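# Observations on the model geometry
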Amino acid sequence: MKVLILGSGGREHVLAWKAVQSKHISDVFVAPGNAGTDEIAKNVDLKPTDFASVVDFCLEHSIDVLVPGNEDPLVLGIVDYIAESEANNVYVFGPNKEAAQLEGSKEFAKAFMAENNIPTAAYEAFLAETIEDAKSYLRTKAAPYVLKADGLAAGKGVVIAQTLEEADRTLDEMLLDAKFGDASSRVVIEDFITGVEFSIFAMSDGDNYIILPEAKDYKRIGEGDTGLNTGGMGAVSPVPFMTPDFMQKVVDQVIDPTFKGLRNRSNKYVGFVFFGLINDNGQPKVIEYNVRMGDPETEVVFPRLKNDFGELLDLARNGKLGSAKVDIDPRTCTTVFTVSGGYPETYEKGKSMSIGQAPNNNILFFHAGTKRNGQEVVTSGGRVLAVTAFGSDIQEALQNSYSGVNVIEFEGKNYRNDIGEDLMAMTT
Ligand code: GLY
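This text gives an overview of the structure that appears in the document. Because the structure is a prediction, the values reported are computed rather than measured. (Residues numbered from 1 in each chain as written. Predicted model: local features only at pLDDT ≥ 70, side-chain atom pairs only at ≥ 80, totals over all residues. Heavy atoms only, no water.)

## Overview of the pairing of strand S19 (residues 363-367)
To be explicit about the condition: Buried means the residue's accessible area, taken with a 1.4 Å probe over protein chains only, is under 20% of the maximum for its type, while exposed means over 50%, and partly exposed covers the values in between. Helix and strand labels come from DSSP, where a helix needs a run of H or I of at least four residues and a strand needs a run of E of at least two; each type is numbered from the N terminus. When DSSP finds at least two bridges between two strands, those strands are taken to pair.
Across the 5 residues that make up S19, a large majority, 4, are buried. Across 5 bridges, S19 lies against strand S22 (residues 383-391) in antiparallel orientation. Paired with Phe-366 across the two strands is Ala-386, which belongs to S22.

Here it is in structure tokens:
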């Protein structure tokens with residue numbers, strides 16, 4: 001099987017790393033990839049949203065399976081495009097444009113949850129014409145106020161406003177000043193829920209699904225979960241509060257009803273589903289759906305997955321994913337992201353990198369914002385390289401991750417020193 005993975009982040013490096021280990025996969029291409037994927041697979045100079053070029057590449061290289069790593073091509077309809085193209089025998093492991101609205105439209109996702117009795121925060125959606133209704137609705141709620149741009153906004157479309165003034169201003173910016181372009185022409189206001197956030201992932205072939213290990217990510221730049229949101233500064237899997245009873249609740253109240261709801265809409269959902277959840281005093285509630293794997297969660301979820309990725313893709317292609325027995329490494333896996341100085345605000349790129357020897361064989365380096373520049377590897381993004389490690393518990397895994405962080409050098413290197421500390425406090 002020849003596989004093309006679309007994307008250039010840490011998640012895509014992990015997917016490529018897993019794909020090259022498969023007995024079922026002969027060739028792995030990554031478009032456009034990074035310096036890490038370049039070492040283990042073949043990078044292709046292609047933009048994932050340039051569908052015509054993706055089709056040409058698939059035809060020229062007899063690609064069997066296409067795995068879109070991030071949401072953009074899916075929400076823009078790559079599955080539908082390929083199905084109507086000459087490359088329609090390529091199996092795309094992702095949802096069609098209609099189903100990708102689970103991530104592409106916050107209102108679609110909320111309405112879907114309401115329709116299927118899936119626990120989530122109460123909400124209303126508003127347009128520019130109904131902005132005064134939106135402001136009145138805010139006044140029926142207590143702070144903090146959660147405002148979400150309906151469409152994709154590069155991870156920046158969610159604002160938690162602490163005061164009514166800030167919430168009103170955010171509504172003006174989103175609905176009247178098109179702060180996120182078309183993505184904020186509609187805004188969802190929802191109740192704020194407190195609790196610990198975590199993520200669960202599933203792979204679906206349209207009729208059957210399997211559940212992958214859960215994880216918790218760390219979104220803020222600053223220690224103690226302070227400062228601006230980032231793409232993710234680290235992750236841990238498994239999550240200590242995920243007892244068998246709590247997992248059963250998640251399956252019964254969220255995962256099963258989601259897939260049943262999708263089947264009822266005659267929406268054969270193919271691909272990954274990322275359930276962004278919150279543990280609200282022992283009750284799981286959905287914060288968001290994504291139609292892809294998470295990043296940096298993939299950096300801890302896929303290393304724990306012992307199954308052959310190619311075999312899973314092949315089973316999915318044949319509608320037999322339900323027969324897969326998910327085999328999970330019981331060890332704890334952590335990842336710590338090294339990021340460019342200044343990220344997530346302005347930062348410089350093109351810094352020379354030195355990547356030393358991993359201090360032991362429980363450590364894996366996954367590249368994200370890196371590229372090759374002649375003989376050297378240089379930084380090319382905010383999140384540069386994730387150091388994933390295994391351990392018998394969170395503490396040991398983190399010791400390994402941080403010993404790996406110490407052998408990565410580039411000017412301005414920054415990272416959080418407290419990944420997983422909240423989870424360790426729960427277990428002591
Ligand atoms: N870790 C969050 C995301 O991938 O969206």
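## Quick notes on the site of the ligand
Which entries qualify depends on this criterion: Throughout this document, a residue counts as near a molecule or strand when at least one of its heavy atoms sits within 4 Å of that molecule or strand. Here a polar contact means two N or O atoms within 3.5 Å. Within protein one must be a hydrogen donor candidate and the other an acceptor candidate, and residues neighboring in sequence count only if both atoms are side-chain atoms. Each accessible area is a Shrake-Rupley result for a 1.4 Å probe, and residues are judged covered by the shown protein chains and nothing else.
Lining the immediate surroundings of the ligand are Asp-217, Phe-274, Arg-292, Gly-294, Asp-295, Pro-296 and Glu-297. The separation between an oxygen atom of the ligand and a polar side-chain atom of Arg-292 is 2.9 Å. When the ligand is considered free in solution it has 200 Å² of accessible area, and contact with the protein chains removes 86% of it.

## Some details on the pattern of salt bridges
For clarity, the cut-off: For this analysis, a salt bridge means a side-chain nitrogen from Lys or Arg found within 4 Å of a carboxyl oxygen belonging to Asp or Glu.
Tallied over the entire structure, the rule returns 27 salt bridges. The residue Arg-11 makes a salt bridge to Glu-12 at a minimum N-O spacing of 2.8 Å. Owing to a relative accessible area of 8%, Arg-11 belongs among the buried residues under this scheme. Between Asp-172 and Lys-135 there is a salt bridge, and its shortest N-O distance comes to 2.8 Å. Note that Asp-172 is positioned in helix H9 (residues 164-176) and Lys-135 in helix H8 (residues 131-138), a separation of 37 residues in sequence. The network of salt bridges with common partners includes Asp-38, Glu-39 and Arg-372.

## Focus on the sheet that holds strand S7 (residues 145-149)
The condition is simple: Note on method: axes are straight lines fitted to C-alpha atoms, helices fitted across the in-contact stretch only, with angles between N-to-C directions ranging 0 to 180 degrees. Any pair of residues with heavy atoms lying within 4.5 Å of one another is described as a contacting pair.
An order of S6-S9-S7-S8 is seen for the 4 strands of this open sheet, with the pairing classed as antiparallel. One side of each edge strand has no neighbouring strand; the edge strands of this open sheet are strand S6 (123-127) and strand S8 (158-161). Strand-to-strand twist of the sheet, defined as the mean angle between neighbouring strand axes without regard to direction, takes the value 25 degrees. Looking at chain direction, S7 and S8 are connected through 4 bridges and run antiparallel. In the strand pairing of S8, Leu-147 is matched with Val-159. Its contacts with the sheet put helix H7 (residues 106-115) on S6, S7 and strand S9 (186-190), and the angle it makes with S9 is roughly 45 degrees. Seen against the sheet, H9 touches S6, S7, S8 and S9 and runs at an angle of roughly 10 degrees to S7.

## Side note on H7
Among all positions of H7, only Lys-106, Phe-108, Ala-109, Lys-110, Phe-112 and Met-113 are buried. Tucked inside the fold, the buried residues of H7 contact helix H6 (101-104), S6, S7, S9, helix H10 (244-264) and strand S16 (283-290). Just downstream of H7 lies Asn-117, where phi reads positive at about 50 degrees.

## A few points about the nonpolar core
Which entries qualify depends on this criterion: Here, nonpolar core means buried Ala, Val, Leu, Ile, Met, Phe, Trp, Tyr and Cys residues that are tied together by side-chain atoms lying within 4.5 Å of each other.
Of all hydrophobic cores here, the largest spans 117 residues; its most connected members are Leu-4, Leu-212, Phe-272, Phe-275, Tyr-289 and Phe-302. Not counting the four nearest positions on each side in its chain, Leu-4 is found in contact with Phe-29, Val-30, Ala-31, Val-54, Phe-57, Cys-58, Ile-63, Val-65, Leu-66 and Val-67. Core analysis: the second largest hydrophobic core is formed by 16 residues, Phe-126, Val-159, Ala-161 and Ile-189 among them.

## Some details on unusual backbone geometry
Of note, the bond from Ala-143 into Pro-144 is cis; its omega dihedral lies within 30 degrees of zero at -5 degrees. You can see Pro-144 is positioned in the loop between H8 and S7. Backbone torsion omega between Ser-237 and Pro-238 reads 0 degrees, so that peptide bond is classified as cis. For Pro-238, the position within the fold is in the loop between strand S14 (234-237) and H10.

The analysis is restricted to geometry; functional conclusions fall outside its scope.
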